[in-house]
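Results of the structural survey
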Amino acid sequence: MCKYIFNMSKLSRRQFLGKSAAGIGSAILASEFPFDLSANTFSGRVKMPIGFQVWTLRESLVKDFPGTLKMMAGLGYQSLEMCSPPGYESSGFGPLMKLKAKEMKQIINDAGLICESSHYGLAEFRNKPDERIEFALESGQTQMILSSFWMPENSSLDDWYRAADELNKMGEKTKKAGLQMGFHNHHMEFAKINGELIYDALMNRIDPEYVKMQFQVAVISIGYKASDYFKKYPGRFISAHLADWSAEKKNEVPVGQGIVDWDEFFASLKTGGVKNIFVEMGVETFEESARYLRSL
């Protein structure tokens, strides 16, 4: 969840859903896809489903859940990463709380998509872990991602270590249920405390037996490359959020139009252990990002 850098779409909800009504969803036919999800076969450099994170789509999503998902499938996306409605109620996902896990799964599948991963809030894991684990299992998820510790800016490394220790215990519980716990970074983990990068400190404290990492590629904007971390910490990652950055414009751009070396990125995924990729930027970037990823 990238509230720190990404703005909501420049398109209005009416414009966004209007594209679907105008036929974009049907214009990009399944025959154009280089993938066959049913056969689990993938050609080219992208060896996994092309996914998106729903955070920036939340306004449209809660008003027309099936329609928005079908729109995204029409653009060429094959998987999505949800945000847990109870954990994100205050961020606008409350209306989706009416859906039971199996109902949500059915709507997602009916749109031609799969959902193996979702973001969860820390309070959910602390207060209702069994309920949320049951929800994840019934909705077909295999990965539960903690979106953030939301540590205060004046936190010490010891504070971060305590948070990591708590996450390890949560990961032990989810592993027993057959689910993989993950942790999603923001820019804040790439600050330094007493000369030590917080992200590296976390990697030394988080137990890889219980917790895998979800790397936010958007930190390229402050000089950190995902591929470097996949190589530095092999096998420690489960997924990645895709974003690109224009050094000239100093803002996000569709995947393939910025400074990220995507050849290097995809070549390093196997080393990192990455199983899922999800585009997460403003909705105006989704179509071009999908087109670029399909071309690979």
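For the structure, see preceding data.
Residues numbered from 1 in each chain as written. Predicted model: local features only at pLDDT ≥ 70, side-chain atom pairs only at ≥ 80, totals over all residues. Heavy atoms only, no water.

Tallied over the entire structure, the rule returns 25 aromatic pairs. Look at Tyr229 and Tyr233: their rings are 6.3 Å apart centre to centre, the planes differ by 20°, and that puts the pair in the stacked class. Relative accessible area serves as the criterion here: at 8%, Tyr229 is assigned to the buried category. A residue is classified by how much of its surface remains accessible, and Tyr233, at 12% relative accessible area, is buried. Seen in terms of ring centroids, Trp262 and Phe265 are 5.0 Å apart; in terms of plane orientation they differ by 75°. Their pairing is edge-to-face. Taken together, the positions of Trp262 and Phe265, both in helix H11 (residues 262–272) and three residues apart, correspond to about one turn of that helix. Looking at Trp262, the relative accessible area reads 2%, which means it is buried. Within the aromatic cluster, the residues linked to one another by ring pairs are Phe190, Tyr199, Phe215, Tyr224, Tyr229, Phe230, Tyr233, Phe237, Trp262, Phe265 and Phe266. (Phe/Tyr/Trp six-rings, centres within 6.5 Å; stacked < 30°, edge-to-face > 60°. Buried < 20%, exposed > 50% of the residue type's maximum accessible area, 1.4 Å probe, protein only. Helix = DSSP H or I, 4+ residues; strand = E, 2+ residues; numbered from the N terminus.)

Note on strand geometry: in a regular strand, side chains alternate between the two faces of the sheet. With respect to burial, strand S10 (residues 211–216) is a largely interior element, six of its six residues being buried. Burial of S10 is two-sided: the residues Val211, Met213 and Phe215 facing one way and the residues Lys212, Gln214 and Gln216 facing the other way are all buried. Of the strand pairs in this sheet, strand S7 (residues 180–184) and S10 are connected by four bridges, and their pairing is parallel. Each bridged residue has a counterpart across the sheet, and for Phe183 the counterpart in S10 is Met213. Of the strand pairs in this sheet, S10 and strand S11 (residues 237–242) are connected by four bridges, and their pairing is parallel. When the bridges of S11 are listed, Met213 appears paired with Phe237. For the segment spanning S10, helix H10 (residues 226–232) and S11, crossover handedness is right-handed. (Pairing = 2+ DSSP bridges. Right-handed = clockwise from strand over helix to strand, strands pointing away.)

What follows concerns helix H4 (residues 65–74). Counting buried positions along H4 yields eight of 10 residues, so the element is predominantly enclosed. Among the residues of H4, those classed as buried are Phe65, Gly67, Thr68, Leu69, Met71, Met72, Ala73 and Gly74. Its side-chain oxygen at 2.9 Å from the backbone nitrogen of Gly67, Asp64 defines the N-terminal cap of H4. One or two steps after H4, the chain reaches Gly76, where phi turns positive at roughly 115°. (Polar contact = N/O pair within 3.5 Å; in protein donor to acceptor, adjacent residues only side chain to side chain.)

A word on unusual backbone geometry. Residue Trp150 is not a glycine yet carries a positive backbone phi of 50°. Topologically, Trp150 is positioned in the loop between strand S6 (143–146) and helix H8 (157–176). Taking relative accessible area as the criterion, Trp150 reaches 43% and is therefore assigned partly exposed. One non-glycine residue, Asn194, adopts positive backbone phi at about 55°. You can see Asn194 is positioned in the loop between strand S8 (192–193) and strand S9 (196–197).

Okay, the nonpolar core next. With 89 residues, the main nonpolar core has Phe52, Met82, Phe237, Leu242, Phe265 and Phe266 as its most contacted residues. Per element, the largest residue contribution to this core is seven residues, and it comes from H8. With sequence-adjacent residues up to four places away left out, Phe265 is seen in contact with Val217, Ala226, Ser227, Phe230, Ala240, Leu242 and Ile277. (Core = buried A, V, L, I, M, F, W, Y, C linked by side-chain atoms within 4.5 Å. Contact = heavy atoms within 4.5 Å.)

Attention now goes to the pairing of S6. Here S6 shows a buried face lined by Gln143 and Ile145 and a second buried face lined by Met144 and Leu146. Here four bridges tie strand S5 (residues 114–120) to S6, and the two strands are oriented parallel to one another. Directly across from Ser117, in S6, lies its bridge partner Gln143. Pairing analysis gives four bridges linking S6 to S7, with the strands arranged parallel. Each bridged residue has a counterpart across the sheet, and for Gln143 the counterpart in S7 is Gln180. Since S6 and S7 lie parallel, the crossover through H8 that links them has a hand, and here it is right-handed.

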